[in-house]
Amino acid sequence: LSDGTVYVSFRGTDDTLVGWKEDFYFSFKTGTAGQERAAKYLSSILRNTDCPVRVGGHSKGGNFAVYAAAFCEGAAAGRIIDVYTNDGPGFLKNVLETAEYQKILPLVHSILPEESLFGLILESNFSYKVVTSSRKGIMQHDALSWKVRRNRFEEAPRLSEASVVAEKTLETWLRGLSMKERKDFVNIVFSVLGDSGLENVSEIGKAQFRVLPELVKSWLEMDKKDKRVLRDAISRFLRTGATSLTEELKVKLFSGREKKKDSDKESNNEKENN
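Worth saying up front: this structure is predicted, and the values here are computed from it rather than measured.

Cut-offs used in this document
- Residues numbered from 1 in each chain as written.
- Predicted model: local features only at pLDDT ≥ 70, side-chain atom pairs only at ≥ 80, totals over all residues.
- Heavy atoms only, no water.
- Phe/Tyr/Trp six-rings, centres within 6.5 Å; stacked < 30°, edge-to-face > 60°.
- Helix = DSSP H or I, 4+ residues; strand = E, 2+ residues; numbered from the N terminus.
- Buried < 20%, exposed > 50% of the residue type's maximum accessible area, 1.4 Å probe, protein only.
- Pairing = 2+ DSSP bridges.
- Axes fitted to C-alpha atoms, helices over the stretch in contact; angles between N-to-C directions.
- Contact = heavy atoms within 4.5 Å.
- Core = buried A, V, L, I, M, F, W, Y, C linked by side-chain atoms within 4.5 Å.
- Parallel < 35°, antiparallel > 145°, perpendicular 65-115°, else oblique.
- Left-handed = near helix turned anticlockwise from the far one by under 90°.
- Expected span 1.5 Å × (residues − 1).

Let's talk about the packing of aromatic side chains
Next, step 1: One pass over the full model with this rule turns up 11 aromatic pairs.
Next, step 2: Plain terms: the ring middles of Phe 10 and Tyr 41 are 6.0 Å apart, the flat faces sit at 80 degrees to each other, and that makes the pair edge-to-face. Of this pair, Phe 10 sits in strand β1 (residues 6-10) while Tyr 41 sits in helix α2 (residues 33-47), and the two are 31 residues apart along the sequence.
Next, step 3: For Tyr 41, a relative accessible area of 42% gives the class partly exposed.
Next, step 4: When the centroid spacing of 5.7 Å and the interplanar angle of 85 degrees are considered together, the rings of Trp 173 and Phe 185 count as edge-to-face.

Regarding the sheet that holds strand β3 (residues 80-86)
Next, step 1: Strand order in this open sheet of five strands is β1-β2-β3-β4-β5, and the pairing throughout is parallel. At either margin of the open sheet sits one strand with a lone partner, and together these are β1 and β5 (128-131). For this sheet, the mean inter-axis angle between neighbouring strands, taken without regard to orientation, is 20 degrees.
Next, step 2: Relative to β1, α2 is tilted by about 165 degrees, and along the sheet it contacts β1, β2 (53-58) and β3.

So, the nonpolar core
Next, step 1: Membership of the largest hydrophobic core comes to 28 residues, with the highest contact counts inside it found for Phe 10, Leu 42, Val 55, Val 66, Ile 80 and Tyr 101.
Next, step 2: Listed by contribution, the elements that provide at least two residues to this core are β1, α2, β2, α3 (60-71), β3, α4 (93-96) and α5 (99-104).
Next, step 3: The leading source of residues in this core is α3, at seven residues.
Next, step 4: Aside from chain neighbours lying at most four places away, what touches Leu 42 is Val 8, Val 53, Val 55, Ala 68, Ala 69, Cys 72 and Ile 80.
Next, step 5: Counting nine residues, the second largest nonpolar core, distinct from the first, contains Leu 177, Ile 188, Val 192 and Met 222.

Section: the packing of α2 against α3
Next, step 1: Two elements in contact, α2 and α3, have axes whose closest approach is 8 Å; the angle formed by their N-to-C orientations is 55 degrees. Between α2 and α3, the angle is such that the two are oblique. As α2 packs across α3, the resulting crossing turns out to be right-handed. Residues Gly 34, Gln 35, Glu 36, Ala 38, Ala 39 and Leu 42 of α2 form the contact with α3, whose own contacting residues are Asn 63, Phe 64, Tyr 67, Ala 68, Ala 69 and Phe 71.

Brief notes about α2
Next, step 1: Given a rise of 1.5 Å per residue, 15 residues ought to cover 21 Å, and the 21 Å separating the end C-alpha atoms of α2 matches this to within 8%.
Next, step 2: Every buried residue belonging to α2 is among Gly 34, Gln 35, Ala 38, Ala 39, Leu 42, Ser 43, Ile 45 and Leu 46, and all of these are buried.

Section: unusual backbone geometry
Next, step 1: In this model, Ser 59 sits at a positive phi of 60 degrees, which is unusual for a non-glycine residue.
Next, step 2: For Ser 59, the position within the fold is in the loop between β2 and α3.
Next, step 3: The phi dihedral of Arg 150 is positive, around 60 degrees, even though this residue is not glycine.
Next, step 4: Considering the arrangement of structural elements, one finds Arg 150 in the loop between β6 (148-149) and β7 (152-153).
Next, step 5: The class of Arg 150 is exposed, set by a relative accessible area of 83%.

These results come straight from atomic positions and should not be treated as a statement about function.
Here's what the structure looks like:
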């Protein structure tokens, strides 16, 4: 770059089922094939340049950037000056507790859109900046929708209520599943999708009339144990989501009542003073 630094960037998830499956593997596995390759790639860059280095990525690429910065090889890692994760998922606790991860935490810059979902999956321990987007809901994950003013992102005061509920739901749901249950759930889901003839995630929406009969067939042919795993995990997710939404509504209602009380109190005080 013009300031004499090198920027090492990692791409997010592609459209393949394999790519998405690795995303779900983050929920129970540390050191996925992609994470390890990211660390090796960054190590090779550090060996072949003597410039200060910034590392970054979007979505899964943000996770790769943080992992690579923490676990790349050699003393040259001291030349990493910034790490950017743009709406990238976090990690399992066994990563957060390592000395390598703790060492790079002060260098990490996390950017999330107001209605972030992917960037709140798992844990991270680093602070984040919330930015506005020209899109709604899950489509805010598209970094090209993030608004800028001159040379800076247009910041938002906080995450949206929907994002907060989604974070609580996912966190509570995952906490209630053992690592084996997470692994079994992911493997079964992607096995069913693969058996239906799908290779890319985008095909699910485009070819739903062709795919649905195959999915039903896979379900009917599935053994009882796998069916039980899927049913249990999905029902727990739905119950968790309902609980998170109810709790958020209670908080909002209580907050509204408190604000009304304060407003009424101020109004009465003004009348007494008059």
